[in-house]
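# Observations on the three-dimensional arrangement
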Amino acid sequence: MTIEPMSGLQLVPRADEPTTRKDFSSDQEVRWCPGCGDYIVLAAVQSFLPSLGLRRENVVFISGIGCSSRFPYYLDTYGMHSIHGRAPAIATGLATSRPDLSVFVVTGDGDALSIGGNHLIHAMRRNVNLTILLFNNRIYGLTKGQYSPTSELGKITKSTPMGSLDKPFNPVSLALGAEASFVARTLDSDRAHLIEVLQAAADHRGTSFVEIYQNCPIFNDGAFDMLRDKDESEARLIRLRHGEPVQVGDREWVHDIHDPDPSRAFEISRIDDGSMTKVPVGIFRSVQRPTYDDLVRAQVETARTDDPEPDLASLIAGSDTWTI
Amino acid sequence: MTKQVEQLDQVIIRFAGDSGDGMQLTGDRFTQETAAFGNDLSTLPNFPAEIRAPAGTLPGVSSFQLHFADHDILTPGDAPDVLVAMNPAALRANVNDLEPGATVIVDTHDFTARNLGRAGYATSPLEDGSLGAYDVHPVDLTNMTVEAIKEFELTRKDAERAKNMFALGLLCWLYGRPTEGTEQFLGTKFARVPNIRDANMAAFRAGWNFGETTEDFAVSYQIKPAAMASGTYRNISGNLALSYGLVAASVQSGLPLFLGAYPITPASDILHELSKHKRFGVTTFQAEDEIAGIGAALGASFGGALGVTTTSGPGIALKSETIGLAVTLELPLVIVDVQRGGPSTGLPTKTEQADLLQAMFGRNGEAPVAIVAPRSPADCFDAALEAVRIAITYRTPVMLLSDGYLANGSEPWQLPDIDALPVIDPRFATQPNHDGADGVGHFWPYLRDPETLARPWAIPGTPGLEHRIGGLEKADGHGNISYDPRNHDLMVRTRKAKIDRIADTVEPVFVEDPGSRARVLALGWGSTYGSIGAACRRLRERGLDIAQAHLRHLNPFPSNLGEVLSRYDRVVLPEMNLGQLAMLLRATYLVDVVGYNQVRGVPFSVAELEAAFTTIVEEVSR
Ligand code: SF4
């Protein structure tokens, strides 16, 4: 079947009156450590949500476990703080059964890439209409400082006093490998960029994967300092723009986020060899392909069109009955 | 030649062959004809975990047992009166279950030195006298089939495959079964391959005619229809009845059914079945793993669907954390566990009841869930409806404990009156339920119904009721995160009290004691109902008194259970585990329950329970 390109928010009811940042802020006291990057992202999300123009009651945040997963408590929408790694699975059930909701998943590097790796890749493979925000602080914060699947090799932590031994994931490469239809990276320190990317992600129909570099001042302070420092960041950050040239090694091409073939986006994702000497940020890929939840609902719809008033009695009777 | 016809009141037949011989199909067809004829019946398929174990070997043997009668029966029967063995391995794997005098129909075609060896026979049992106790009919079914259908010019292999229809035809003649249903069935099944259809039809008729003409079978049998309550019936297996029960519950509650499942034996057929019923608004999600299956179902429940997940014991182990989440979120969720032999991978295709304590306690913290168990294949329909009723009314996960025997076994089912099915009202919250100090209405997600202790279910999209729930402990009432020790104690006790209150809306346990004199109670739960009931009948026929009661609700127990148990001098409890319900009853009621336990992967035989009950009844009356 063919699916007309449509916004991720197309089936979500619009608010009658403009909403404000305050409408989206809950009365709960925010309890992250002082200086935590999560504050900045929360503020950005609270201020960008009204711009979507949606009814507040049709926005849902589902999170897993970890510092960032407290996120839903601070937003006055529907929300669920679930269990470690499982948010994409729970969100898949919700998004599939409710096309009228805008569903966000909030997760971290441990939650999404370690314990919940399986659900993450399968959500992206299926292309469920979800917006996944992966807060990457390259450490386990809530359990007090063990290395994570994005910590650099040799990381000295409480659980790796002689240095970590396992090679980290590049989350963007992973998402592209799982054929996510929207893949982006942004930073907590660049509010304008963060909001721009979040808007595009929410608007995309299908799984939008957004990696957000987030500083954890308590257990991994300064992990992204070289990307925050004004002078240094200019040399290191490659700001991806659709339709503008991008330099990859000694080759250059025009960045096309709609390229159906993910190979070039993948090549761009490999520019960062782990050293953060050069780090591409922005939208790597944004392609239209049918979403799982739309297809599921279409099958149900087809079946209902063929048989608009199904009869329970004849279903359970089947074809071989006898009467006494 | 007119043959003699003998009347029988009941027969137990077992079809046995290689996994590839089509024995399940043969059994199914014989069952359908028997059902259509009007006998009461009960079936027990038994197949290997391997899809195609090496041909001709013992591990590859698949069988189907059918018990049918002119009266009401409860079990697939103990020892077969007739064994149909399609090869040496099928004979060897089943012959020890026969009583002397049983009829054995053997396809002699595969009794070659090589195949005898594969089955572990040094000499042919057809020749060495080892089958002397039985009435043996050696017939070259394979060659006769090939001969009967040679006009269709099938390959030798395809022609041989029709031998199960020859066997079916012969048995249909022997027991006076109607044949129209099977002919219709073949017509539909092979509609697109006419020569295969016609060949199978010809093999089936040839089998029938062989019975009619051969001198080897001098007598045929008649088993009159059973006197059953008037109504319309069908034959149904447990997995099918359970699937229909879930669809019916969806219709009766007005909630779209969302099934999140990962394939696992013996539960996969529920996923297959439900995936066919999208026109009822059913969504089936084949998840990446067991955890995602229940996660998606819980997400759908959060959104106001009827969330269901189906699995077997190993899957429950993986789902435990999410069940705990559902307990604390207090959302409706139905978890179907089609129990199989454990631990670990265990015996995937065999039956067991050893997940009761897992269902009861297999989570961290105090995490009570309701538990419901069907007692027969057809009863899976009602049990599924009851599980959904509890889940929705009390906003709680409910475990539905079926098992491998119920899943694949079948029995006649009197079709229910759809209009009489219970209506399940989800009562979604639509309004604020609490006036704040600011004079504004607020929504408190943990402000409970005083009667059921259920919390309000407000689904996303409902304006003004936005709220957050999660796995952290919540404060009573407003539901915000709370680490207060007294609140935690209150919430733990309240969640337990809510489950206990389910007993207020559950039927009291019914005791069957025709003479009202019994001093011994035979208690059971789940699929043992038939064997226990049949054994009790046998005792009563011999003038011994015994009462029977069977539990549908394992958590909470029906409110009169303690009183019932205390009325008897002895309570005997057969379980296909090492005494799990017995442990719960001892702990709850301080009653010295006597267990009778086996974990052989097959249902109890009526004979063993009869013997066990007799010993106890005699002891008590001494
Ligand atoms: S531990 Fe780190 S990530 Fe967690 S709240 Fe504190 S600063 Fe933020």
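What this report covers is the structure whose coordinates are included nearby. (Residues numbered from 1 in each chain as written. Chains lettered and ligands numbered in written order. Predicted model: local features only at pLDDT ≥ 70, side-chain atom pairs only at ≥ 80, totals over all residues. Heavy atoms only, no water.)

## Section: the site of the ligand
With respect to spatial proximity, the complete set of residues near the ligand consists of A:Trp32, A:Cys33, A:Cys36, A:Cys67, A:Asn137, A:Gly141, A:Gln214, A:Cys216, A:Pro217, A:Ile218 and A:Phe219. Residue composition of the shell around the ligand, grouped by class: eight nonpolar, three polar and no charged. (Near = heavy atom within 4 Å. Nonpolar A, V, L, I, M, F, W, Y, C, P; charged D, E, K, R; others polar.)

## Some remarks on empty space enclosed by the protein
According to the stated counting rule, one finds four cavities of 30 Å³ or more in the structure shown. Size it by volume and the largest cavity reaches roughly 110 Å³. Together, 14 residues line the largest cavity, and B:Leu44, B:Pro45, B:Thr349, B:Thr351 and B:Gly601 are the ones closest to its centre. Taken together, the elements giving at least two residues each to the lining of the largest cavity come down to β3 (40-46) and α15 (404-408) of chain B. Along its surface, the second largest cavity is lined by 13 residues, and A:Gly8, A:Ser102, A:Asn129, A:Thr131 and A:Ala202 are the ones closest to its centre. Elements with a minimum of two residues in the lining of the second largest cavity: β3 (102-108) and α6 (191-203) of chain A. (1 Å grid on protein atoms, 1.4 Å probe; cavity = no way out; pocket = protein on both sides within 12 Å on 5 of 7 lines; lining within 4 Å. Points joined across faces, edges and corners; volume = space filled by probe spheres on them. Helix = DSSP H or I, 4+ residues; strand = E, 2+ residues; numbered from the N terminus.)

## Observations concerning a negative patch on the surface
Residue and element names in this part refer to chain A. On the surface, a cluster of negative charge is made up of Asp221, Asp225, Asp229, Asp231 and Glu234. By the secondary structure assignment, Asp221 is in the loop between β6 (208-213) and α7 (225-228). A relative accessible area of 54% means that Asp221 is categorised as exposed. (Patch = residues over 30% accessible without salt bridge, like charges linked within 9 Å, V, L, I, M, F, W, Y side chains within 5 Å. Areas by Shrake-Rupley, 256 points an atom, 1.4 Å probe, with all protein chains shown as cover. Salt bridge = Lys/Arg side-chain N within 4 Å of Asp/Glu carboxyl O. Lys, Arg positive; Asp, Glu negative; His and termini not counted. Charge placed at Lys NZ, Arg CZ, Asp CG, Glu CD. Buried < 20%, exposed > 50% of the residue type's maximum accessible area, 1.4 Å probe, protein only.)

## Topic: the sheet that holds strand β1 (residues 59-63) of chain A
The strands that make up a sheet pair up through hydrogen bonds in the backbone, lying either parallel or antiparallel. The strand order across the open sheet formed by nine strands is β7(A)-β10(A)-β5(A)-β6(A)-β4(A)-β3(A)-β1(A)-β2(A)-β19(B), and the pairing between neighbours is mixed. In this open sheet, the two strands that pair with only one neighbour each are β7 (237-239) of chain A together with β19 (468-470) of chain B. Pairs of neighbouring strands in the sheet enclose a mean axial angle of 20 degrees, with direction left out of account. Bridge count between β1(A) and β3(A): five bridges; the pairing is parallel. Following the sheet pairing, A:Ser63 is matched in β3(A) by A:Val106. Here helix α1 (residues 37-48) of chain A sits on the sheet and contacts β1, β3, β4 (131-136) and β6 of chain A; the angle it forms with β4(A), its principal contact strand, is near 160 degrees. (Pairing = 2+ DSSP bridges. Axes fitted to C-alpha atoms, helices over the stretch in contact; angles between N-to-C directions. Contact = heavy atoms within 4.5 Å.)

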